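# A closer look at the structure
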Amino acid sequence: MSIFTTLKLALRALWRNKVRSSLTMLGIVFGIGAVIAMVAGGQGAQQAVKDVFQGLGTNVLILTNGSQRSFGAAGGAGSRQSLTWDDMKALESGEISSIKWVAPMLQARAQVASEDANWSTSIVGTTAVWFQIRNWRADKGAEFDAETGDSNARVAVIGKTVATQLYGTGNPIGQAIRIAGQPFEIIGVLTSKGQGPMGDYDDTVIIPVKSYMQKIEKGLAKYIKGQVLISMTQDDLAERAMSEITALLRDRHKLDASDDDDFRIRNPAEFAQAQQDSTQRIATLLAIVAAVSLFVGGIGVMNIMLVSVIERTREIGIRMAVGAKPIDVMTQFLVESLVLAAVGGLLGLALGAGAAKYMAGYFGWKFFFPATTAAIAFLVAGGVGVVFGLYPAIRASRLDPITALRYET
Amino acid sequence: MAALIEMRGIERTYVMGDNLVHALRGVDLTIDAGSSIAIMGTSGSGKSTMMNIMGCLDQPTRGNYLLNGKDVARLSRSQLADVRGRMIGFVFQSFNLLSRTTALENVEMPLMYQGLPGRERHRRALRALEQVGLAERADHHPNQLSGGQQQRVAIARALVGEAPVIMADEPTGNLDSRTSYEVMAILQGLVAQGKTVILVTHESDIAAYASRVVTLRDGLVIDDRRQTPVKAEVAA
């Protein structure tokens, strides 16, 4: 019998029991839907985590002061003054070839004010390369250039949130802004980065590091009272750079082999990886649960097909009497369960994609339609149809035509 | 005339629980092509087993069955199905039409398994329905047809594959005498066209329409005689 005829027969048989077919299909619909939604959701969540850490700048190491230990009580990261501006110059010198850019990042909360509004925000004192490291550009105006960044110019680049708070919809470029009571001129507004792990990225004001030290810290110091961001020339150099920086700084700080480091180097990428791994684990777990529901859907198909075979015993007998071979009968039932599962799979795909889209909107993720997973899920649905349809189909094909013809419904 | 069916020493035993039931105990029978034959016997005589074996629905435990010169006693289930499709058309007492399926589609069914394309199936099924005078009921479902009409659809289904043998198992068992007469007239018409019609019945007035009557008892042929068949003529 031709595939086309078989397919037509299957569709007709399923159509004859519309309610039953749709209920059976529902098991597959939800199974596939759940798998798609969970995989798509998982990818969205992972991407969200990735994005958050990418906001910090990719390929960045964060160097901070070590912790002060006095009478056995550790003071916490940065409590010790050990990193000097000379240390930073040494890092910049090109001695360590894996280092591309080095930027200080001094940070403090301060009140900022325009003509008619004020706002408390995070003030960052840094140099021009900071914008490169963070991969953060001005949306309006410009970031400060290398010369301005190294000077004590009273210029500021502000984040979107600050711009909105102080100037509403107006143009802040060229406006005067008071930072901790000191007047600065706004030369740029940064593009929006959105929410990060530490809150709103855009709620910040960037000023040259010297101005920061003069006006916010009050007075120039030998030590760096903040972080140093270091970017590498290549993505995979973090490990090497970390050990080279450690060696250089230990040497400069004249530490003995038995001494602990008096500084810390963190690699946010590692942290991001750990976060991503845990998200991945949860996503996998959910996908497994979804797969179980698909399995249950498959059992539903098998159940209904078994009932269908029994109900149609006489039909099978008649078909066999007029020349249907066992393989014809088997194919007929197999195609029915395949169609059931495939149509259910398609609907499930739509449902899963819809659910994933909704989740993405709800949690603020990017919506991913996992094309590969969708294709696999669809094939799996077909596979479920075949696997769970096989037993009923074989049973049908093994019926004895004489017994089947005599079967009373 | 060439022998279409040749059975030699056919035995069929069933295992029923702990007992062996000998349904057929060595039947020899030769049927010529284009003849009509009635197989008679009371229930338990083995006539149903006989029909199942002749119709290739069942296989003998011992003996040879040559259908159109080919031994079909040892074929696989699949090969047997193929032989049924090509050689034998069945007509059952209870019609055995698929419900919720039109008369035309019921008639088309055997052709599906011969792999004929849809259009050809359609054409041939319609012609078979015309032969039994039901062309105008082609799109009716079995529950919209009378018993006699249903049996005529079943005959059309038996005819459509152009099988040389029509096996009719109590074809009039569920019909009143007037429609029985009509059905017998159609079957006789088929004999006239060269088909071999095998009637399985326990009613002697149905057997009277055949040109040969074979009687079975306890799994053996006890009587085999030829007769001039009663002619069933359809009242115009």
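Keep in mind it's a predicted model, so treat the numbers as computed, not measured.

Basis of the calculations
- Residues numbered from 1 in each chain as written.
- Chains lettered and ligands numbered in written order.
- Predicted model: local features only at pLDDT ≥ 70, side-chain atom pairs only at ≥ 80, totals over all residues.
- Helix = DSSP H or I, 4+ residues; strand = E, 2+ residues; numbered from the N terminus.
- Contact = placed C-beta atoms within 7 Å.
- Nonpolar A, V, L, I, M, F, W, Y, C, P; charged D, E, K, R; others polar.
- Core = buried A, V, L, I, M, F, W, Y, C linked by C-beta atoms within 7 Å.
- Buried ≥ 20, exposed ≤ 12 C-beta atoms within 10 Å, placed from the backbone.
- Domains from an automatic or database assignment.
- Pairing = 2+ DSSP bridges.
- Axes fitted to C-alpha atoms, helices over the stretch in contact; angles between N-to-C directions.

### Comments concerning unusual backbone geometry
Residue and element names in this part refer to chain B. Positive phi values are uncommon outside glycine, yet Asn68 reaches one of about 55°. For Asn68, the location among the structural elements is in the loop between β4 (62-67) and β5 (70-71). Not every positive phi belongs to a glycine, and Phe95 is a case in point at roughly 65°. Position of Phe95 among the secondary structure elements: in the loop between β6 (88-91) and α3 (103-112).

### A look at the interface of chain B and chain A
Tallying the contact residues gives 20 residues for chain B and 19 residues for chain A. Those elements that provide at least two residues to the side of chain B that touches chain A are α2 (77-87) and α3 of chain B. Looking at the side of chain B that touches chain A element by element, the count peaks at six residues for α2 of chain B. Considered class by class, the residues forming the side of chain B that touches chain A number eight nonpolar, six polar and six charged.

### Examining the nonpolar core
Ranked by internal contacts, the top residues of the largest apolar core, which has 127 residues, are Ile36 of chain A together with Ile39, Ala156, Ile198 and Leu199 of chain B. Broken down by element, this core gets its largest block of residues, 15 residues, from helix α2 (residues 18-54) of chain A. Setting aside residues up to four positions removed in sequence, Ala156 of chain B forms contacts with Val107, Ala128, Leu129, Gln131, Val132 and Leu134 of chain B. If you look at the next biggest cluster of nonpolar residues, it comprises 50 residues, including Leu91, Val124, Val205 and Ala241 of chain A.

### Notes on the environment of Ile207 of chain A
Residue and element names in this part refer to chain A. One can find Ile207 in strand β12 (residues 204-208). Owing to 27 C-beta atoms within 10 Å, Ile207 belongs among the buried residues under this scheme. Ile207 sits 175 residues away from Ile32 along the chain, and the two C-alpha atoms are 53 Å apart. Setting aside residues up to four positions removed in sequence, Ile207 forms contacts with Ile123, Gly125, Ala156, Ile179, Phe184 and Tyr212.

### So, the domain arrangement of chain A
Partitioning chain A into domains gives domain 1 (3-52 + 273-406) and domain 2 (101-230). Each of domain 1 of chain A and domain 2 of chain A has a C-alpha centre, and these two points are 56 Å apart.

### Let's talk about the sheet that holds strand β2 (residues 19-32) of chain B
Residues and elements named next belong to chain B. Pairing is antiparallel in the open sheet, where four strands are placed in the order β2-β1-β4-β5. Strand pairing shows two members of the sheet lacking a second neighbour, β2 and β5, which therefore form its edges. By the bridge criterion, two bridges tie β4 to β5 in an arrangement that is antiparallel. Looking at β5, one finds that Leu66 is bridged to Asp71.

### Details of the sheet that holds strand β10 (residues 220-226) of chain B
Residues and elements named next belong to chain B. With mixed pairing, six strands are arranged side by side in an open sheet as β6-β7-β8-β3-β9-β10. Strands at the two margins of the open sheet, each flanked by one partner only, are β6 and β10. Ignoring strand direction, the axes of neighbouring strands in this sheet form an average angle of 20°. Summarising the sheet, strand β9 (residues 212-217) and β10 pair through six bridges and their orientation is antiparallel. Bridge pairing in β10 places Val213 opposite Arg225. In this fold helix α5 (residues 147-160) packs onto β6 and β7 (165-169), with an angle of close to 170° to the strand it touches most, β6.

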